[in-house]
Amino acid sequence: MSFLTIQDLDVRLRGSGQRLLRGVSLEVAQGQVHGLVGESGAGKSMIGKAILDVLPRSVEIAGGRITLGETDLTALPAKARRHELGQRTALIPQDPLTALNPARRIGGQITDRLTRVLGWGAARADARAVELLDEVQISDPARVMKSYPHELSGGMRQRVLIAAAFAAEPELIIADEPTTALDVTVQKQILKMIAAMQAAHNTTMLFVTHDLGVVARVCQRVSVLFAGHVVEDADIHTLLSVPGHPYSQALLSATPRYDDPRASLRPVPQSVIDATRAEAEAHDV
Amino acid sequence: MLLLRILSRLLSIAVTLFGVALVVFVVIRLIPGNPIAMMLPPGATDDDIARLTALYGFDKSIPEQFVIWLGGVLQGDFGTSISLRQDVLGLVLGRLPGTLELAGLALFFAVLIGVALAIFGTIRRGKKTETGIDIWNGLTLSTPDFLWGLALILLFGVVLQWFGISGRVSPQLDLPFVTQFYLLESLARFRLDLTADLLAHMWMPALALALPLSAMIAQVLKVSLKEVMTLDYTLLARTKGYTERQVIFREALRNAALPTLALTGVQLTHLIGGTVIVERLFSYGGLGSMAIDAVINRDLPLIQGIVLTFAVIFVAINLIVDLLYTVLNPRLRHG
């Protein structure tokens, strides 16, 4: 029984009608971490934005259904959908340097979902924020709550954003390349932290990344995307050991390996790219 | 460190005011027109002219006159008005509140209209409403304040005859005021009948002054708002369940306000400059209409006093804008 279901999701550019997502379908079970991998422009982030109803204005959903638990999100009127999503889902954004409002203190940015959307009192929300900052291992939470974003490091800000995402105990979290903008040394810590938080809160998670190493660390299932089309959907062990689709195989052998740093990297062959593109576009008719 | 910044700021203010005083003093003495000649009846003897000239110190060289005048100003003596034969400081302080209240009301209108149009245009961005707002802004921006004044007089004063078009307050009213800040004092005394009468006189000149500024605020704020609405933290705010309006008010407005604030500060000085002609148009008893009389009468001490007062207002506005900037942008607070 899946918790998040996407059926035949079509997303197009307004006006030209160019297809950005081509009949994407995927199912995520409750409490699972589902990875979305692919090169840039493959449409991985677009899926997350479509679920959260924050697609750019130039883009529209042209067809398909997104179901969260029992709720068909695509059938809800715009305002109700925004409200429902605000209560049940959260986003861990890609770039912690731009995702916090520079003019507001950290505390408010963690608690505003609690106070503004869920109607908590300020004292209760503040206590919860301190608890969460403790959980993401920020020392002196009280001081950090009073700080402005520019007073914190990138790693600290990403922890704050993780705390904010978990604040209202959402049922679904979409992590959109949450470690890409960070230092390599910080990446690992943050990744560990997200995995630990996800396990502790038993949150369903959609994990968008271009990094197969990250996928191997946190995900149970993976969808591989190319040109807005899911080329393979497999559990993580299958994908890493016996990838089914030629594109997945090529992507895997293009990943640098720590255990054999001298092995030469093989770029994805043009023939595989062409064949996969043809397969994706075959969906258009 | 902070003390040093305050000191350097005060020094720059002093230099600015000194510069203004010097330029005005010299320029109004170089342009043609003799204030003494305007005061004497026809047929005055050369002796009379010489005595009066000496009385007002106009027989001395310009640098000498400047030093004497500046020495007086530093002790709070701005000289005596030639045409009104009264103390300049008293005259200016008597008229200043009227102008400040008018400019304040105009600023209030401009911000209200400008911010409302900017927010409305941002919510409806890319739609016909936004185009309509752009056209309206183009129209209000390209029409100068005195033309708006004339249009309002024509419409509400002449055609519809809903409002009086002259003065600061109805002359038949018995005014209990002890200060010249009529509007504020009427509110403080809770004499709302007087407030209503004052506003009925003030709203047209205030709106005429406000419209061009409101268009500038609307355009600049709308551009910044639209930009901020594409940033990551507004996207994050949307995922929190905020409506578009909540995103604007809680997340975007404060960050988008900075460029608008700087612009409003600069343009507010233009607005106050505009009071000179708009006050005249509505026979509003403020500093601006006094300035025009002073220039016509070649009343040099009064002109100097009024211009210096305007300069002090402009410097004060700049100071306030800088302070607000630090309040709105926490990153400016240290360093």
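Above this text you will find the structure in question.
Description of the structure in this document. Residue positions are counted from 1 within each chain, in the order its sequence is given. Throughout, the order in which chains and ligands are written sets their labels, letters from A for the former and numbers from 1 for the latter. Reporting in this predicted model follows two pLDDT cut-offs: at least 70 for local features of residues, and 80 or more for side-chain atom pairs to be given and counted; totals over whole chains, interfaces and linings ignore these cut-offs and use all residues. Side-chain calculation: all heavy atoms of the structure are included, whereas hydrogens and water are not.

Quick notes on the packing of helix α5 (residues 88-123) of chain B against helix α12 (residues 287-296) of chain B
All names here are of chain B.
Inference 1: Direction vectors running N to C along α5 and α12 enclose 135°, while the axes themselves pass 7 Å from each other. Put simply, α5 runs oblique to α12. Listed contacts from α12 to Leu91, Val92, Arg95, Leu96 and Thr99 of α5 are Leu287, Gly288, Ser289 and Met290.
Inference 2: Gly is put with the polar residues, along with every residue not named as nonpolar or charged; the nonpolar set is Ala, Val, Leu, Ile, Met, Phe, Trp, Tyr, Cys and Pro, and the charged set is Asp, Glu, Lys and Arg. Across the contact of α5 with α12, the residue classes tally to five nonpolar, three polar and one charged. Axes, fitted as lines to C-alpha atoms, cover a helix only where it is in contact. Angles between the N-to-C directions of the axes lie from 0 to 180 degrees. Secondary structure follows DSSP: runs of H or I at least 4 residues long count as helices, runs of E at least 2 residues long count as strands, and numbering of each begins at the N terminus. Relative orientations are named as follows: roughly parallel for angles under 35 degrees, roughly antiparallel for angles over 145 degrees, roughly perpendicular for angles from 65 to 115 degrees, and oblique for any other angle. The contact criterion used throughout is that any non-hydrogen atoms of two residues lie within 4.5 Å.

A short note on the pattern of salt bridges
Inference 1: Any carboxyl oxygen of Asp or Glu within 4 Å of a side-chain nitrogen of Lys or Arg constitutes a salt bridge here. Inspection of the entire model under this criterion finds 27 salt bridges over all chains.
Inference 2: Put simply, Asp322(B) and Arg9(B) hold a salt bridge, and the shortest N to O gap is 2.6 Å. Taken as a pair, Asp322(B) in helix α13 (residues 300-328) and Arg9(B) in helix α1 (residues 2-30) lie far apart in primary sequence, 313 residues in all.
Inference 3: Think of it in three bands: with a 1.4 Å probe and only protein chains considered, a residue is buried below 20% of the maximum accessible area for its type, exposed above 50%, and partly exposed in between. Given the relative accessible area of 38%, Asp322(B) is considered partly exposed.
Inference 4: Because the salt bridges share partners, they merge into one network encompassing Arg57(A), Arg82(A), Arg125(B), Arg238(B) and Glu244(B).

Considering the packing of α5(B) against α13(B)
Between two packed helices, what matters for the description is the angle formed by their axes and the separation of those axes.
All names here are of chain B.
Inference 1: Two elements in contact, α5 and α13, have axes separated by 10 Å at closest approach and are oriented at 45°. Accordingly, the angle class assigned to the pair α5 and α13 is oblique. In this structure, α5 meets α13 at a crossing whose hand is right-handed. Judged by residue contacts, Val88, Leu91, Val92, Leu96 and Leu100 of α5 engage Pro301, Leu302, Gly305, Ile306, Thr309 and Ile313 from α13.
Inference 2: Of the residues assigned to the contact of α5 with α13, the class counts are nine nonpolar, two polar and no charged. For a crossing to be left-handed, the near helix must be turned anticlockwise from the far one by less than a right angle; the clockwise case is right-handed.

Some thoughts on the packing of aromatic side chains
Residue and element names in this part refer to chain B.
Inference 1: Centres within 6.5 Å make a pair out of two Phe, Tyr or Trp rings, where for Trp the six-membered ring is used; the pair is then stacked when the planes are under 30 degrees apart, edge-to-face when over 60, and tilted otherwise. On inspection of all chains with the given rule, the structure shows 13 aromatic pairs over all chains.
Inference 2: Between the aromatic rings of Phe156 and Phe163, the centroid separation amounts to 6.3 Å while the plane-to-plane angle is 75°, which identifies the pairing as edge-to-face.
Inference 3: For Phe156, a relative accessible area of 16% puts it in the buried group.
Inference 4: For Phe163, a relative accessible area of 28% gives the class partly exposed.
Inference 5: The criterion is that NZ of a Lys, or CZ of an Arg, lies within 6 Å of the ring centre and within 35 degrees of the ring normal, and then a charge sits over that ring. Lying over the aromatic face of Phe25, Arg29 brings its terminal NZ or CZ to 3.6 Å of the ring centre.
Inference 6: Sitting above the plane of the Tyr242 ring, Arg250 keeps its charged end 5.4 Å from the centroid.

Section: the nonpolar core
The nonpolar side chains of a soluble globular protein tend to be buried, and buried together.
Inference 1: In these notes, a set of buried Ala, Val, Leu, Ile, Met, Phe, Trp, Tyr and Cys residues joined through side-chain atoms within 4.5 Å is what counts as a nonpolar core. Among the nonpolar cores identified, the biggest contains 91 residues, and Ile47(A), Ile51(A), Leu133(A), Val160(A), Leu206(A) and Phe207(A) are the most heavily contacted of them.
Inference 2: Top element by residues in this core is helix α6 (residues 154-166) of chain A. It accounts for seven residues.
Inference 3: Not counting residues within four places of it along the chain, the set of residues in contact with Leu206(A) comprises Leu4(A), Leu26(A), Val28(A), His34(A), Leu36(A), Ile47(A), Ile51(A), Leu172(A), Ile173(A), Ile174(A) and Ala175(A).
Inference 4: If you look at the next biggest cluster of nonpolar residues, it comprises 64 residues, including Ile36(B), Phe156(B), Leu268(B) and Leu287(B).

In short, the description is geometric, and any link to function would need to be established separately.
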